[in-house]
Amino acid sequence: MRVVTIGAGLGGLLTSAFLARAGHEVTVLEKAPFVGGRFTNLNYQGFQLSTGALHMVPHGEDGPLAHLLKLLNANVEIVNSDPKGKFFIDGNLYHYREGWKHLSLKEKAKAMKLLAEVKANKLPTGEDANMSSWEWLEEKIGDNEFVYLFIKSFLGWAVSLAPEEVPAIELAKEIKATLKWGGPGLIKGGCKAVTEELARIVRENGGNIITRKKAVEIDENKVITADGEEYPYDVLISNIGIKETVELFGRNKFDREYLKKVDSLKPAEGIKINVALKGKPRIGNTVVFTLDTKRINGYNEPSALTPELARDGYTLIMTHQALRSKDVKKEQKLGLEDLYYLFPELDKEGEVLMVQTYLDRNPVNRVASGMHLDFPLENVYIVGDANKGEGGIEVEGIALGVMKTLENLGIGRFSEWYL
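In this report, we go over the structure that sits alongside the text. (Residues numbered from 1 in each chain as written. Predicted model: local features only at pLDDT ≥ 70, side-chain atom pairs only at ≥ 80, totals over all residues. Heavy atoms only, no water.)

Of all 5 residues in strand E2 (residues 25-29), 4 are buried; the element is thus mostly enclosed. Relative to E2, strand E1 (residues 2-6) runs parallel, the two sharing 5 bridges. Residue Thr 5 lies in a different strand from E2, and its bridge partner there is Val 28. Handedness of the crossover joining E1 and E2 through helix H1 (residues 10-21): right-handed. In this sheet, strand E10 (residues 208-210) lies alongside E2 in parallel orientation, the contact comprising 3 bridges. When the sheet's bridge partners are listed, Thr 27 is paired in E10 with Asn 208. (Buried < 20%, exposed > 50% of the residue type's maximum accessible area, 1.4 Å probe, protein only. Helix = DSSP H or I, 4+ residues; strand = E, 2+ residues; numbered from the N terminus. Pairing = 2+ DSSP bridges. Right-handed = clockwise from strand over helix to strand, strands pointing away.)

What follows is the structure, encoded as structure tokens:
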């Protein structure tokens, strides 16, 4: 079977690695001069910044992505965070378990009951499933300010959305995933360690990865590139998004109702700030949720696991914030102000390395969590951040989407992983 994959991001490389290993003829076309998309490293002033993700996997060595990597015998090391998380409020840092102190006995009992229900797969249904995450939590636990601040920080960090933008069923499944697979983990060597290893597996199994090769049209089971070359396929894997894939085929190939659904899909957008701090690691292998900041939702420290991600004598901090308006300069300014609240001695202790903004054609996720749309054409599969499994946070969602694609192609069974 001839397979053409458009886009050498995480989803495209994951799918291609399995298909190549299964003996199929795989060609991966990537418009950039490198593989990995928003899941690789960018060398900047002696620091290994990421092109998108935060060198962290949401469910560490026990989640869907780690499972797929193990099946491929990929030489990748993921180390679970310890503790699973911390939170920052009123100028102080706390272990995540101390959050229970901010709930009354009645609220704590309700929260424990809710967690037990989610763990038992008693998830919101009907109208409840479509209410906002905060409406659902307020109904289940009560109007607790700490709960709101924590869930706002968590969703901003995890999916670049506000609680009012995430359906209750999506948050419920994200909670279920965390209860099932645990907290995050850092990747030894950063994002690049994963995508470079996947590229190696593709090539080792006879696949071909061609960079600087931009797809501009799809016609009669052929992908046509900007330089006029044609790549015929039996199966097409698209890692460039649903809207972009529709454009390659031509909108005239789809009915009006489907195009309305495509046009209604919204991305998740955000800002990442990379910070260099002098000295040894500050927080270690964990994530800090920032509750009373203006914009920043959380931060981590990838060089705590992999010192070579930072320049000698420094540690690397990465913050993330959901983009809350189209006034990018204002959003960046508020994020930078938050940095000085989190690190008051920033000017003495380090510097801001780079501010990366993800929006428009380069968002955090091409399709926001909680939104899903199947592709209607036969033998065409969307993978990546435009087709994430329900409840799958960031790259874990990409892995869940890849699992379903592989099952549809007769490669493996993954039903026990679906939420």
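Quick look at a negative patch on the surface now. A surface patch of negative charge is lined by Glu 127, Asp 128, Glu 135, Glu 138, Glu 139, Asp 143, Glu 145, Glu 164 and Glu 165. Counting residues per element, the ones that place at least two in the negative patch are helix H4 (126-130) and helix H5 (133-140). No other element matches the 3 residues that H5 contributes to the negative patch. Within the secondary structure, Glu 139 is located in helix H5. (Patch = residues over 30% accessible without salt bridge, like charges linked within 9 Å, V, L, I, M, F, W, Y side chains within 5 Å. Areas by Shrake-Rupley, 256 points an atom, 1.4 Å probe, with all protein chains shown as cover. Salt bridge = Lys/Arg side-chain N within 4 Å of Asp/Glu carboxyl O. Lys, Arg positive; Asp, Glu negative; His and termini not counted. Charge placed at Lys NZ, Arg CZ, Asp CG, Glu CD.)

On to the sheet that holds strand E8 (residues 92-95). Backbone-to-backbone hydrogen bonds join strands into a sheet, with any given pair of strands oriented parallel or antiparallel. Strand order in the open sheet made by the 7 strands is E8-E7-E16-E17-E18-E15-E19, with mixed pairing throughout. The two strands at the open ends of the sheet, each matched to only one other strand, are E8 and strand E19 (350-358). Adjacent strand axes in the sheet meet at a mean angle of 25° when their direction is disregarded. Examined bridge by bridge, strand E16 (residues 287-290) and strand E17 (residues 298-300) share 3 bridges and lie antiparallel to one another. (Axes fitted to C-alpha atoms, helices over the stretch in contact; angles between N-to-C directions.)

Okay, the sheet that holds strand E12 (residues 222-225) next. One open sheet holds the 3 strands; their spatial order is E11-E12-E13, and the pairing between them is antiparallel. Edge positions in the sheet fall to strand E11 (215-218) and strand E13 (230-232), since each has one partner strand and no second. Adjacent strand axes in the sheet meet at a mean angle of 25°, parallel and antiparallel pairs treated alike. Taken together, the 3 bridges between E11 and E12 define a ladder with antiparallel strand orientation. Bridging from a neighbouring strand, Ala 215 pairs with Thr 225 of E12.

Before going further, it helps to examine helix H6 (residues 145-159). When the terminal C-alpha atoms of H6 are compared, their 21 Å separation across 15 residues agrees well with the 21 Å that a helix rising 1.5 Å per residue should span. If you check which residues of H6 are buried, you get Phe 146, Val 147, Leu 149, Ile 151, Ser 153, Phe 154, Leu 155, Gly 156, Trp 157, Ala 158 and Val 159. Where H6 begins, the side chain of Asn 144 points an oxygen toward the backbone nitrogen of Phe 146, at a separation of 2.8 Å. (Expected span 1.5 Å × (residues − 1). Polar contact = N/O pair within 3.5 Å; in protein donor to acceptor, adjacent residues only side chain to side chain.)

In a pair of packed helices, the angle between the axes and the distance between the axes together describe the arrangement. It is the contact of H5 with helix H7 (residues 168-181), at a shortest axis distance of 7 Å, that shows an interaxial angle of 70°. Taken together, the axes of H5 and H7 lie roughly perpendicular to each other. Facing Ser 133, Trp 136 and Leu 137 of H5, the residues of H7 in contact are Ala 168, Leu 171, Ala 172 and Ile 175. The residue inventory of the contact of H5 with H7, partitioned by class, reads 6 nonpolar, 1 polar and no charged. (Parallel < 35°, antiparallel > 145°, perpendicular 65-115°, else oblique. Contact = heavy atoms within 4.5 Å. Nonpolar A, V, L, I, M, F, W, Y, C, P; charged D, E, K, R; others polar.)

Before going further, it helps to examine the pairing of strand E7 (residues 86-89). Direction of pairing for E7 relative to E8: antiparallel, over a ladder of 4 bridges. Each bridged residue has a counterpart across the sheet, and for Phe 87 the counterpart in E8 is Tyr 94. Linking E7 back to E8 in an antiparallel pair, the connection comprises 2 residues, with Asp 90 at a positive phi of about 55°. In the sheet, E7 pairs with E16 via 3 bridges, with the strands oriented parallel. Looking at the pairing, Phe 87 lines up with Phe 289 of E16.

This next bit is on the nonpolar core. Among the nonpolar cores identified, the biggest contains 49 residues, and Leu 10, Leu 14 and Leu 198 are the most heavily contacted of them. Elements with a minimum of two residues in this core: H1, E2, helix H2 (64-71), H7, helix H8 (191-204), strand E14 (235-238) and helix H13 (395-408). With near-sequence residues (within four places) excluded, Leu 10 lies in contact with Gly 36, Phe 39, Leu 65, Val 194, Thr 195, Leu 198, Asn 239, Val 395 and Ile 398. One finds Met 131, Ile 175, Val 287 and Ala 368 within the second-largest nonpolar core, a separate group that totals 45 residues. (Core = buried A, V, L, I, M, F, W, Y, C linked by side-chain atoms within 4.5 Å.)

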